[in-house]
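# Structural features, examined
Here is how the chains run, residue by residue.
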Amino acid sequence: MKTLDNRDGEITINLADLPNHVRMGLLKVSKREPYIEEYSGKDVIIYPNNVSKLLPKEDRYILPDEIYQFIEDRFTELKNDGLKTDEIYKIVGNQVESELKKFANDIRTKNFVSKKELKEIVGEKILYAVEEAIDIAKENYKNIKDNLFYALAIHLSAAYERVKSGKSIFNPQLESVKSEYMREYVVAKKMVEKINKILDIELTDDEVGFVAMYLRTFSASEGGNKGNVAVIVLTHGHVACGMADVANKLLGVNIAHGVEMALDESPEDALLRTIEVVKKVNEGKGCIILVDMGSLITFGEIITKRTGIPTRTIGRVDTVMVLEAVRRAILPDATIDEIADALDENKSYVGHVEGVKDSNKLPKAIVTICITGEGTALKIKKYIEDKIPEIKNELKIIPLGLFSERELDAEINKIRNTNSIQAFVGTIDPKIDDIPYISVEEIMNGEGLKRLKKLVNIDVVEESRLKEVLDDDLILFDIDVSMKSDVIDKMVELLEEKGYVDEKFILSVYKRESMGATWMKGGVAIPHGDTKYVIKPAIAIAKLKEPIYWEGDFKTDLIFMLALKEDAKDYMLDLYKVLSNEEILKDLKEAKSSRDIKEIIIRNTIPSN
């Protein structure tokens, strides 16, 4: 409303312009996903033609130089927005720590400045003080990152100027640092005492807190953060090892382990074998145990009691769950609880069921839902009815707009008393029972409409998801090569030429090959590179005229080169259907053309109705 008379051609949206529930939601954000962090540190510009731009902060010194001003500005801004002091401390404290981490990640990707360069920026006295402080840090930490020196020098320069000019230093995260980073705080206190002595100033406890945060950020892989959370797949029959093997090979790691329980094996024997595996594979961060049946769900609790090793157990395992668990476990800061909670949130993985009386006898309904008001929910309803006119003959669509979680639960319970809800569609997932949720984004890109058609038994033409990443031009047929490196070079060259990967992709492929086998049973190889060098996802395929040695004595004549991004688990699952089926592999090896290869893969990965 306040921009109606704006003639500048642009609208700037700040925190104060957001709805109250969004602003208050900031208090609940303790950890953000990496893709959110990408946006939170930059200005996002949205144009009417749907083109968006991210404008990053270019100055690599901006965080240490301006951290104190940032705190003051944010404190004033949030206070003007009506937030209480303790709420402001929490928001600003989390943001400061987040900014420190982003700053650390940023300078890890840039060339360090030399000490000579740094001396020109901060002065010789501060440089010497930092050198002495770093020596103290290294006495207590074995793996201090080199870039701590640079970060601390820039930060201390700003702190020194602030003290000399009579300005106070305030750290909103101080109490959290003292309780959560106790070791870092003790070391930081010694470092600051040394700095105070050299510079003849009095840095307070608040500044000790900042130094402790830097220590934490630039020594994050020490102690309890070493290693990964291990993933153990536990199933009846010969299934677990296969799922673990696929996840390891597709993601290029070795942290998933299968334990297979014979159908006539006693639970106690299986438990003892699982305990031995847990002891062997635990890297200090615990084990996620993925099981196929409810009878095994208690294994984790028993194992933890007997060994002291932290475990979390999730039921109804499948290959997608294993892939997702391993993908999360390879993140350096991932914890066992974060991984388990993320898997447990996905209702397709777990069997939480809350019965509804005679739900089969109730009329079917879809609830369109928006937390900010019924207007958007009505628009979603109209859009669905326009795109699937026949859906009105099958069920009714009920729009729902609310402002609080309590209201949401109450209204949904009312609807469920008189309707059998088939799905929630909208901008918020109420996470109720096993009722599926379809986001507005899915509806707009077409996938959500397909899911709705399936739910109400309206015919839908299914297509293989691999169609999106397979291209006739990326399939090399009957090529004549004698060495592994020849075919890798040809395939990467093709991907780069067509704009799917950048020039650094090839080196990452060879680095991955040096780590271990990408050969799979059936004479198939799946080389792949780092996702960060992928411009757009694709799978290149090469069928060789004659088999070549790929790994030791193992030969291959069919190669799938994966140039996929981190969100490619659906493609991986479909590809697994191909790679694990002997008949499909036989058809591929007997194919007469590139077109045949593509058609065989597409035909065999169309989702079943």
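Positions within a chain are numbered from 1, following the residues in the order the chain's sequence is written. Per-residue local features are limited, in this predicted model, to residues with pLDDT of at least 70; the limit for side-chain atom pairs, both in listing and counting, is 80 or more; totals at the level of whole chains, interfaces and linings are taken over all residues. Remark: hydrogens and water are excluded; side-chain values derive from all non-hydrogen atoms of the structure.

On to the sheet that holds strand E5 (residues 287-291), then. Read across the sheet, four strands follow the order E4-E3-E5-E6 without closing on themselves; strand pairing throughout is parallel. With partners counted over all chains shown, the strands left at the sheet margins are strand E4 (256-261) and strand E6 (311-314), one partner each. Neighbour-to-neighbour, the strand axes of the sheet open up by a mean angle of 20°, direction not taken into account. Lying over the sheet, helix H11 (residues 240-251) contacts strand E3 (230-236) and E4, oriented at roughly 170° with respect to E4. Residue contacts follow a heavy-atom distance rule, with two residues in contact if any of their heavy atoms lie within 4.5 Å. Fitting a line to C-alpha atoms yields each axis, with helices limited to the stretch in contact; the angle taken between N-to-C directions then spans 0 to 180 degrees. Under the scheme used here, helices are H or I runs from DSSP no shorter than 4 residues and strands are E runs no shorter than 2 residues, and both carry numbers assigned from the N terminus. Here helix H14 (residues 319-329) sits on the sheet in contact with E3, E4, E5 and E6, set at roughly 165° to E3. Any two strands with at least two DSSP bridges between them are considered paired.

Here we come to helix H13 (residues 299-307). For each residue, the accessible area found with a 1.4 Å probe, counting protein chains only, is set against the maximum for its type, and the residue is called buried under 20%, exposed over 50%, and partly exposed in between. For H13, every residue scored as buried is listed here: Phe 299, Gly 300 and Ile 303. Along the axis of H13, the buried residues cluster in a sector spanning 95°; they form a single face. Those residues of H13 that are exposed and aimed more than 90 degrees away from the buried face are Glu 301 and Lys 305. For H13, the elements touching its buried residues are E3, helix H12 (267-281), E5 and E6. Phi for Gly 308, located one or two positions after H13, is positive at around 80°. Working definition: the arc comes from the directions between the helix axis and the C-beta atoms, pointing outward to the latter.

This part takes up the side chain of Lys 484. On the secondary structure map, Lys 484 appears in helix H20 (residues 484-497). Relative accessible area serves as the criterion here: at 18%, Lys 484 is assigned to the buried category. Here a polar contact is recorded for every N or O atom pair within 3.5 Å, except that within protein the pair must consist of a potential hydrogen donor and a potential acceptor, and residues adjacent in sequence are included only if both atoms are side-chain atoms. At 3.4 Å, the side chain of Lys 484 forms a polar contact with the backbone oxygen of Trp 550.

A few words now on the nonpolar core. Counting 53 residues, the largest nonpolar core has Leu 290, Ile 539, Ile 541, Phe 560, Leu 588 and Ile 601 as the members making the most contacts within it. Ignoring any residue separated from it by four or fewer positions in sequence, one finds Ile 541 in contact with Leu 470, Leu 474, Ile 475, Leu 476, Met 491, Leu 558, Ile 559, Phe 560, Ile 597 and Ile 601. To form a nonpolar core, buried Ala, Val, Leu, Ile, Met, Phe, Trp, Tyr and Cys residues must be joined to one another through side-chain atoms within 4.5 Å. Of all hydrophobic cores here, the second largest spans 49 residues; its members include Leu 78, Ile 88, Ile 126 and Tyr 150.

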